[in-house]
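One letter stands for each residue in the lines below.
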Amino acid sequence: MYTIGQVSQMCGIPVSTLRYYDKEGLFPHMERVSGIRRFSDRELETLRIIDCLKKSGLEIREIRKFMQWCAEGSSSYPQRRELFENQKKTVEKEIKRLQKTLDMLRFKCWYYDTAIADGNEDRINEMLPNNLPDDIQKLYDHAHSDDED
């Protein structure tokens, strides 16, 4: 069992946030000893799930609904599964968007490394848009594509 201060330090979460989560009903099984919250491994796992769901774009009210489903038992497995499937798709879409951004950043680093080495952009402009080195061409094409991947 852990105190709120210990959990705050272990997880890097402010005490005020932990109190808020408790107030929102996200720790339905948390024990209290003389009114003091005592966190078990169950609550630590709940914090990992909350962190995952928040990072995937869910708001606290939606996470609270998930916790309610958990309290309902096995009858809510399909809803919980659907929630995680939807969040997985959301994260995969975000990863694709970020990969496109990263490819643009990589291309521009190459671009300016080349311009610095050459002292100008003439050679680069002669290669654009379709005669870049193969690895750079792939970055350029992906960064400039209209599709999601």
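Parameters and conventions
- Residues numbered from 1 in each chain as written.
- Predicted model: local features only at pLDDT ≥ 70, side-chain atom pairs only at ≥ 80, totals over all residues.
- Heavy atoms only, no water.
- Phe/Tyr/Trp six-rings, centres within 6.5 Å; stacked < 30°, edge-to-face > 60°.
- Buried < 20%, exposed > 50% of the residue type's maximum accessible area, 1.4 Å probe, protein only.
- Lys NZ or Arg CZ within 6 Å of the ring centre and 35° of its normal.
- Helix = DSSP H or I, 4+ residues; strand = E, 2+ residues; numbered from the N terminus.
- Contact = heavy atoms within 4.5 Å.
- UniProt positions renumbered as here; feature names shortened; annotations may be inferred.
- Salt bridge = Lys/Arg side-chain N within 4 Å of Asp/Glu carboxyl O.

Novice: Would you mind going over the packing of aromatic side chains with me for this structure?
Specialist: Each aromatic ring pair is summarised here by two numbers: the centre-to-centre distance and the angle between the ring planes. Taken as a whole and judged by the stated rule, the model has 7 aromatic pairs. Residues Tyr-20 and Tyr-21 carry aromatic rings whose centres are separated by 6.3 Å and whose planes lie at 50° to one another, so their mutual orientation is tilted. Residue Tyr-20 is classed as partly exposed on the basis of its relative accessible area of 36%. Look at Tyr-21 and you get buried, because its relative accessible area is 5%. A network of ring pairs unites the aromatic residues Phe-107, Trp-110, Tyr-111, Tyr-112 and Tyr-140 as a single cluster. The lysine or arginine in question, Lys-108, covers the ring of Tyr-111, its NZ or CZ lying 4.4 Å from the ring centre.

Novice: What's the story with the side chain of Gln-87 in this structure? I'm lost.
Specialist: Inspection of the secondary structure puts Gln-87 in helix H5 (residues 77–118). A residue is classified by how much of its surface remains accessible, and Gln-87, at 11% relative accessible area, is buried. Setting aside its immediate chain neighbours within four residues, Gln-87 contacts Leu-53, Ser-56, Gly-57 and Leu-58.

Novice: How do you make sense of the UniProt feature "coiled-coil region" (unreviewed entry) in the protein chain when you look at a structure like this?
Specialist: The sites that UniProt annotates as "coiled-coil region" (unreviewed entry) are residues 81–108. Helix makes up 100% of residues 81–108 and strand makes up 0%, while its end C-alpha atoms are separated by 41 Å.

Novice: Is there a simple way to think about unusual backbone geometry in this case?
Specialist: Negative phi values dominate among residues other than glycine, just as trans dominates among peptide bonds. In this structure, the amide linkage connecting Leu-128 to the following residue, Pro-129, adopts the cis form with an omega of 0°. Tracing the backbone shows Pro-129 in the loop between helix H6 (122–127) and helix H7 (134–143). Even without glycine at this site, Ser-34 takes up a positive phi of about 55°. Note that Ser-34 resides in the loop between strand S1 (31–33) and strand S2 (36–38). On the basis of relative accessibility, which here comes to 76%, the residue Ser-34 falls in the exposed class.

Novice: Whenever I open this one, the pattern of salt bridges confuses me. Can you help?
Specialist: Taken as a whole and assessed by the stated rule, the structure comprises 12 salt bridges. Measuring nitrogen to oxygen at the nearest pair gives 3.1 Å for the salt bridge that ties Lys-55 to Asp-51. Of this pair, Lys-55 and Asp-51 are both found in helix H3 (residues 41–55), 4 residues apart, which corresponds to roughly one turn of the helix. Residue classification places Lys-55 among the exposed positions, given a relative accessible area of 66%. Residue Asp-51 is classed as partly exposed on the basis of its relative accessible area of 37%. Bridged by salt links that share partners, the residues Arg-81, Glu-85, Lys-88 and Glu-92 form one connected network.

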